There are 2 protein chains.
Amino acid sequence: MELMDKVGRYGFLVEPFHCDFSQRVFIGHLGNNLLNAADFHSAERGYGMDHLNSMHRTWVLSRLVMEMDDLPEAYDRIEVETWVEASDEVFHQSRLCRDRAARACLRIRTEHLGHDRHGHTPAGGHNGGAGRAYIAICGDGEGMPDSPTVARQDGRRARLARTVDTRYSDVDVNGHVNSVKYIEHILDLWDMEWHAAHAVQRFDIAYVAESHCGDKLGFRVEPVGDAEFCVRVTKCSGESGDGVEVCRCKIKFAKK
Amino acid sequence: MELMDKVGRYGFLVEPFHCDFSQRVFIGHLGNNLLNAADFHSAERGYGMDHLNSMHRTWVLSRLVMEMDDLPEAYDRIEVETWVEASDEVFHQSRLCRDRAARACLRIRTEHLGHDRHGHTPAGGHNGGAGRAYIAICGDGEGMPDSPTVARQDGRRARLARTVDTRYSDVDVNGHVNSVKYIEHILDLWDMEWHAAHAVQRFDIAYVAESHCGDKLGFRVEPVGDAEFCVRVTKCSGESGDGVEVCRCKIKFAKK
């Protein structure tokens, strides 16, 4: 399968109502823009979500890592760069990078997984051109983060920080809880005082299973270092009951 | 004060990750885009939020009404039109309209209120050019909705449908809960089955007081007609306690 190594560039303006109290763009909003950029990138190359949907297939985000030096502010004009580094029959690589003032201030690496509309991963590798879905992983590149790695929680110091009843606005075009909504719910585990004093430096997340509207999500937080935490998200049946793991993340903050 | 009656036009693409399970754009996402369009419109005319912020002032949405025939779908290219119909020293009129395929399918009327950074409305009228904030109301126009009107709830049939602990992602650049976030929380009061069978036809909302991160919001729903509801939002101190009214809305659904 031919490599598709051309860089796609998608400029956008950081609009003030997509920014948090510190005038910096919400990571969740940026995340959805980056997913959209990845969609445009793949659509322009013939294997976008729109095309896959016509085959009753879709792609979902499997893993993601973000490293950031400085989030853009309201009214900044930024550019998302997205490119593919390697692919084979099963995996298709995709990677996103965003520049402001010729400086890469946010670096993202994603892995996507091809699903049919019932949420099942096809047994074989599939590309869009031959009635197949695709799977994406990421490769290496200068200055880019290493692969997303989210170890399982040790669990001994994990505490159930919050439960969330998922609702209409949590669900995206794919019919399940939006990948970025988990990130929003995870960032909401820290209060304003914490966010005023800390910025996210690195965020790794692995998506394990889908959840759907009406599922109750449990968020278990475990400190693993200085301003570093693991968060395990489960679909749980009660306030404190264990359940199916949906995703797990590791988040590293830096003091502002 | 001179009328500023030029129409501002802001095109954008409806991106798939800003759409709900039915492939239609989230009203909340569209709402923030419309607020951004109003900000660009005012900024281009010298009294935008960026300028007001430099004077330690800002503007907040006071009232809003949306009427919609058909929400745009993923990958639609749409155009937001925004214009001002009348203004005086105290009030500045702003109105938004969005067209797809030369058809106005969403019509919005807004009223904005000038605030200082402490949330206080200046005693006199103020425009941006003279170190003053501004207030916006809306006028009449062909095919545009009448003024936002949100009567107080009768209350006898109102039930507390949900409480929401506000968090980091609820708060916008103004430092208080984002106007559109209330709309998202209100639409989340209905489940997926309801949203699959009904579309919002008209949505009136009046913002009465600000709320801040950490406030617990109570949402009281009262049926007032066929698929028509009033929702009263309060900052409440407990699960069922009354509190200060934050906003109230009236929402009319149509069967799909």
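Located above this text is the structure these notes cover.
What you are looking at is a predicted structure, and each value in this text was computed from that prediction instead of being measured.

1. Details of the overall build of chain A
For chain A, the helix and strand inventory stands at four helices and 10 strands. Going through the 256 residues of chain A one by one, you find that 57% of them count as buried. On chain A, roughly 10,500 Å² of surface is accessible, and the fraction owed to carbon and sulfur atoms is 47%.

2. Side note on helix H3 (residues 179–187) of chain B
Counting buried residues along H3 of chain B, nine of its nine residues qualify, which places the element largely inside the surrounding structure. Listed in full, the buried residues belonging to H3 of chain B are Ser 179, Val 180, Lys 181, Tyr 182, Ile 183, Glu 184, His 185, Ile 186 and Leu 187 of chain B.

3. Remarks on the packing of helix H1 (residues 27–44) of chain B against H3 of chain B
Residues and elements named next belong to chain B. Relative to each other, H1 and H3 sit at 165°, their axes nearing to 9 Å. Of the possible angle classes, the one that applies to H1 and H3 is roughly antiparallel. For the pair H1 and H3, the crossing hand works out as right-handed. For the pair formed by H1 and H3, the contact residues are Ile 27, Gly 28, Gly 31, Asn 32 and Leu 35 on the first element and Val 180, Ile 183, Glu 184 and Leu 187 on the second. Looking at the contact of H1 with H3, its residues break down into five nonpolar, three polar and one charged.

4. Regarding the state of the cysteines
One way to say it: the disulfide is the covalent bond shared by the sulfur atoms of two cysteines. Considering all chains together, one arrives at zero disulfides over all chains under this definition. Here Cys 249 of chain B is not disulfide-linked; the sulfur of Cys 247 of chain B is the nearest cysteine sulfur, at 7.1 Å.

5. Thoughts on the pairing of strand S10 (residues 243–255) of chain A
Residue and element names in this part refer to chain A. Two elements, strand S7 (residues 198–207) and S10, share nine bridges in a ladder whose sense is antiparallel. When the sheet's bridge partners are listed, Tyr 207 is paired in S10 with Cys 247. Across nine bridges, the pairing between strand S9 (residues 228–236) and S10 is antiparallel. By the bridge assignment, Phe 229 is partnered in S10 with Ile 251.

6. Describing the interface of chain A and chain B
Listed by partner, the interface residues are 41 residues for chain A and 41 residues for chain B. Roughly 3,900 Å² of surface becomes buried between chain A and chain B when both sides are summed, with 59% attributable to carbon and sulfur atoms. The largest contributions to the chain A side of the interface with chain B come from Phe 17, Tyr 168 and Val 173 of chain A, which together make up 24% of the buried area. Summed over the shared surface of chain A and chain B, the number is zero salt bridges. Remark: the boundary between chain A and chain B carries 10 residue pairs in polar contact (both at pLDDT 80 or more).

What counts, and where the lines are drawn
Residues numbered from 1 in each chain as written. Chains lettered and ligands numbered in written order. Predicted model: local features only at pLDDT ≥ 70, side-chain atom pairs only at ≥ 80, totals over all residues. Heavy atoms only, no water. Helix = DSSP H or I, 4+ residues; strand = E, 2+ residues; numbered from the N terminus. Buried < 20%, exposed > 50% of the residue type's maximum accessible area, 1.4 Å probe, protein only. Areas by Shrake-Rupley, 256 points an atom, 1.4 Å probe, with all protein chains shown as cover. Axes fitted to C-alpha atoms, helices over the stretch in contact; angles between N-to-C directions. Parallel < 35°, antiparallel > 145°, perpendicular 65-115°, else oblique. Left-handed = near helix turned anticlockwise from the far one by under 90°. Contact = heavy atoms within 4.5 Å. Nonpolar A, V, L, I, M, F, W, Y, C, P; charged D, E, K, R; others polar. Disulfide = S-S within 2.5 Å. Pairing = 2+ DSSP bridges. Buried area = accessible area lost by both parts, 1.4 Å probe. Salt bridge = Lys/Arg side-chain N within 4 Å of Asp/Glu carboxyl O. Polar contact = N/O pair within 3.5 Å; in protein donor to acceptor, adjacent residues only side chain to side chain.

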